[in-house]
Amino acid sequence: MNKTNLYRGFTLIELLVVIAIIGILAAVVLASLNDARDSGQDASIKQSIGNARSQAELIYNQNGYSYASVCTAGNSIDRLMVAAANNRAETTTKTAVMAIGTASADTAVTCHSTASGYAIIAPLNVTTGGAAWCVDSTGFAGGVAATALTANDITCQ
């Protein structure tokens, strides 16, 4: 009987190679998972701000064709802005400005409104196509620079 047939199994080198390959594959999957999570959070931010645009039009019709109260605290838009802020870890605040106010910070969900218009901007996680998502009373909805909404702005462009 041949002694080499009695001791069958894997060598230490073979086991280490398999473990290394599994580790590399796990690292690739985890990196992809983080990207997918950020993209999902961005989709939620865009949806919340898009819903805010619909709510702003309802407020406009209910308030004598005026956008002045769009950024009022406690209304449905305020809650949608909070939802957008909660979907980004780096977002620190939700800023509602009833009259035209200060410039938007790149970490704040900001709303500016007057009787004639409004604009809402929210920062995104993935900055492809703009670092923030903005909607306004002209019908614009899209990616813009995070500081695109400055004082006296009620349009995103």
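Refer to the structure above for everything that follows.
All of the points below concern the structure found in this document. Counting from 1, residues in each chain are numbered in the order their sequence is written. pLDDT decides what is reported in this predicted model: residues at 70 or higher carry local features, side-chain atom pairs at 80 or more are listed and counted, and totals for whole chains, interfaces and linings draw on all residues regardless. Computation of side-chain values covers all heavy atoms of the structure but excludes hydrogens and water.

Regarding the overall build of the protein
- Only DSSP runs of H or I with at least four residues qualify as helices, and only runs of E with at least two residues qualify as strands; both kinds are numbered from the N terminus onward. Secondary structure assignment for the protein yields 2 helices and 5 strands.
- Taken from N to C terminus, the helices and strands of the protein fall in the order α-α-β-β-β-β-β.
- Burial status follows relative accessibility: with a 1.4 Å probe on protein chains alone, a residue under 20% of its type maximum counts as buried, one over 50% as exposed, and anything between as partly exposed. When each of the 157 residues of the protein is scored for burial, the buried share is 33%.
- In short, Shrake-Rupley with a 1.4 Å probe defines the accessible areas, and a residue's cover is counted only from the protein chains shown. Of the accessible surface of the protein, which amounts to about 9,000 Å², a share of 60% is contributed by carbon and sulfur atoms.

Points about a nonpolar patch on the surface
- Patches draw on residues past 30% relative accessible area with no salt bridge. Two like charges within 9 Å are joined, as are two nonpolar side chains (Val, Leu, Ile, Met, Phe, Trp, Tyr) within 5 Å. Between Lys or Arg on one side and Asp or Glu on the other, a salt bridge is scored when a side-chain nitrogen of the former is within 4 Å of a carboxyl oxygen of the latter. A cluster of nonpolar side chains, contributed by Leu12, Ile13, Leu16, Val17, Ile19, Ile21 and Leu25, occupies part of the molecular surface with about 730 Å² of accessible area.
- By the secondary structure assignment, leucine 25 is in helix α1 (residues 12–62).
- Classification of leucine 25 as exposed rests on a relative accessible area of 54%.

A word on the pairing of strand β5 (residues 141–144)
- In this scheme, strands are said to pair when DSSP sees at least two bridges between them. In this sheet, β5 lies alongside strand β4 (residues 132–136) in antiparallel orientation, the contact comprising 4 bridges. If you follow alanine 132 over to β5, its bridge partner there is valine 144.
- Hairpin geometry of β4 and β5 is characterised by an intervening segment of 4 residues between the two adjacent antiparallel strands and by a positive phi of about 100 degrees at glycine 139.

Section: the packing of α1 against helix α2 (residues 76–86)
- Contact geometry for α1 and α2: axes closest at 9 Å, N-to-C directions at 170 degrees. Here α1 is positioned roughly antiparallel relative to α2, judged by the angle of their axes. On α2, the residues touching Ile45, Ser48, Ile49, Asn51, Ala52, Gln55, Ala56 and Ile59 of α1 are Ser76, Ile77, Leu80, Ala83 and Ala84.
- Note on residue categories: nonpolar means Ala, Val, Leu, Ile, Met, Phe, Trp, Tyr, Cys or Pro, charged means Asp, Glu, Lys or Arg, and polar means any other residue, Gly included. Among the residues making up the contact of α1 with α2, the classes are represented as 9 nonpolar, 4 polar and no charged. Fitting a line to C-alpha atoms yields each axis, with helices limited to the stretch in contact; the angle taken between N-to-C directions then spans 0 to 180 degrees. Each angle receives one of four descriptions, namely roughly parallel if under 35 degrees, roughly antiparallel if over 145, roughly perpendicular if within 65 to 115, and oblique otherwise. In what follows, a contact means two residues having at least one pair of non-hydrogen atoms within 4.5 Å.

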